[in-house]
Amino acid sequence: MSASSQSEPRLLFISGSSREKSFNKKLAKLGENIADANGIKGTFADLGDYPMPIYNGDIEVNDGPPDNARKLKALMEVHTGIFIASPEYNASFSPLLKNAIDWVSHIKDGGLQVYRTRVFALGAASPGGMGGLRGLAQLRLVLENGLNALVLPDQFVVPKAMEAFDDNGHLKNKENQETFKAVIQKLARAAHVLHG
Ligand SMILES: Cc1cc2nc3c(=O)[nH]c(=O)nc-3n(C[C@H](O)[C@H](O)[C@H](O)COP(=O)(O)O)c2cc1C
């Protein structure tokens, strides 16, 4: 099934952290729930379910890209919009996410194409006061400059993440949750206009 055969957008929500109690997982899962609640098909992906070795050219030459990179690419291909929630590590995004992005990009049959034919939106959650905003600037650079991806200017960050979510995984601040919903709806609209 290819995404272009869909008549409605399908959004993939990826967390750049595989930590069990990850705030970014919470954010990505909340995104999926908001999408579903608003009639948009959403899928949550945990990069922890797609373990891959750290990229090494010798591994690639000898064994080819890991099966999990191919699986992740296939998952991306059946969605037209992709929301990525990434933690900020020392003002950049997570190595888990960078490694997955790099492996997928080097798959010969369509690895780059999958970035050029989806619409992306970015988000982050952090216990800190800036919500991981600086990491998103780096992630945007990689997607836009490195991979020619279309990344919406809208992004959504959750500062002070330890206090931000309620027990159901919703944002306690309802205004913020509405803002997140607006980003998701815009991503769905953009994905629909561009990719059906
Ligand atoms: C190596 C490292 C560097 C970090 N650097 C930052 C940082 O620059 N800015 C920030 O807001 N948080 C930083 N943090 C804290 C993370 O935001 C925090 O661990 C967060 O919970 C990770 O995301 P997760 O909850 O989705 O796993 C850093 C954490 C680690 C382990």
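These numbers come from a predicted model, not from an experiment.

Cut-offs applied
Residues numbered from 1 in each chain as written. Predicted model: local features only at pLDDT ≥ 70, side-chain atom pairs only at ≥ 80, totals over all residues. Heavy atoms only, no water. Helix = DSSP H or I, 4+ residues; strand = E, 2+ residues; numbered from the N terminus. Rg over C-alpha atoms; globule rule 2.2 N^0.38 Å. Buried < 20%, exposed > 50% of the residue type's maximum accessible area, 1.4 Å probe, protein only. Contact = heavy atoms within 4.5 Å. Areas by Shrake-Rupley, 256 points an atom, 1.4 Å probe, with all protein chains shown as cover. Lys, Arg positive; Asp, Glu negative; His and termini not counted. Charge placed at Lys NZ, Arg CZ, Asp CG, Glu CD. Pairing = 2+ DSSP bridges. Axes fitted to C-alpha atoms, helices over the stretch in contact; angles between N-to-C directions. Near = heavy atom within 4 Å. Polar contact = N/O pair within 3.5 Å; in protein donor to acceptor, adjacent residues only side chain to side chain. Nonpolar A, V, L, I, M, F, W, Y, C, P; charged D, E, K, R; others polar. Parallel < 35°, antiparallel > 145°, perpendicular 65-115°, else oblique. Phe/Tyr/Trp six-rings, centres within 6.5 Å; stacked < 30°, edge-to-face > 60°. Lys NZ or Arg CZ within 6 Å of the ring centre and 35° of its normal. Core = buried A, V, L, I, M, F, W, Y, C linked by side-chain atoms within 4.5 Å.

Structural notes on the overall build of the chain
The secondary structure content of the chain amounts to eight helices and five strands. For the chain, the succession of helices and strands along the chain, N to C, is β-α-β-α-α-β-α-α-β-α-β-α-α. Against the compact-globule benchmark of 16 Å for 196 residues, the chain has a radius of gyration of 16 Å, which places it among compact chains. Split into buried and exposed, the 196 residues of the chain put 51% on the buried side. Considering only contacts within the chain whose residues lie at least 6 apart along the sequence, 76% involve residues at least 24 apart. With an accessible surface of roughly 9,400 Å², the chain has 51% of that area assigned to carbon and sulfur atoms. Computed over 22 positive and 21 negative side-chain charges, the separation of the two mean positions in the chain equals 3 Å.

Some details on the sheet that holds strand β1 (residues 10-15)
In sheet architecture, strand pairing relies on hydrogen bonds along the backbone and comes in two forms, parallel and antiparallel. Overall, parallel pairing links the five strands, which are arranged β2-β1-β3-β4-β5 in an open sheet. Only two strands of the sheet have a single partner each, and these edge strands are β2 (41-46) and β5 (150-158). In this sheet, neighbouring strand axes are inclined to one another by 20 degrees on average, regardless of whether the strands run parallel or antiparallel. In terms of strand pairing, strand β4 (residues 119-125) meets β5 through six bridges, oriented parallel. Residue Val119 lies in a different strand from β5, and its bridge partner there is Leu150. Helix α6 (residues 133-146) contacts β3 (81-85), β4 and β5 of the sheet and is inclined by roughly 165 degrees relative to β5.

Looking at the site of the ligand
Close contacts around the ligand come from 13 residues, with Ser17, Arg19, Ser22, Glu88 and Ser126 the closest. Measuring from an oxygen atom of the ligand, one finds a side-chain N or O atom of Ser126 at 2.6 Å. Between the ligand and Arg134, the relevant distance is 3.1 Å, taken from an oxygen atom to a side-chain nitrogen or oxygen of the residue. Within the complex, the protein chains bury 69% of what would otherwise be the 620 Å² of accessible surface of the ligand. For the shell around the ligand, the per-class residue count stands at five nonpolar, five polar and three charged.

Structural notes on the packing of helix α4 (residues 95-105) against α6
Closest axis-to-axis distance for the α4/α6 pair is 12 Å, and the angle between their directions is 0 degrees. Of the possible angle classes, the one that applies to α4 and α6 is roughly parallel. Mapping the contact onto sequence places Leu97, Lys98 and Ile101 in α4 and Leu139, Val142 and Leu143 in α6. Counted by class, the contact of α4 with α6 contains five nonpolar, no polar and one charged residues.

A few points about the packing of aromatic side chains
Applying the stated criterion to the full structure yields five aromatic pairs. Measuring from centroid to centroid gives 5.3 Å for Phe83 and Phe180, while their planes differ by 55 degrees, and the two rings are tilted. One end of the pair, Phe83, is in strand β3; the other, Phe180, is in helix α8 (residues 174-195), and 97 residues separate them in sequence. On the accessibility criterion, Phe180 (0% relative accessible area) is buried. Three or more aromatic residues joined by ring pairs form one cluster here, namely Phe13, Phe83, Phe156 and Phe180. The cationic tip of Arg19 hangs over the ring face of Phe23; the distance from NZ or CZ to the ring centre is 5.6 Å.

What about the nonpolar core?
Residues Met76, Ile84, Ile101, Tyr115, Phe120, Leu139 and Leu143 are the most contacted members of the largest nonpolar core, which totals 31 residues. Of all elements in the fold, only β1, α3 (67-77), β3, α4, α5 (113-116), β4 and α6 reach the threshold of two or more residues within this core. Top contributing element to this core by residue count: α4, with five residues. Discounting residues that sit within four places of it in the chain, Met76 has contacts with Leu12, Ile82, Val104, Val114, Tyr115, Arg118 and Phe120. Among the nonpolar cores identified, the runner-up in size contains 29 residues, and Phe13, Ile184, Leu187 and Ala191 belong to it.

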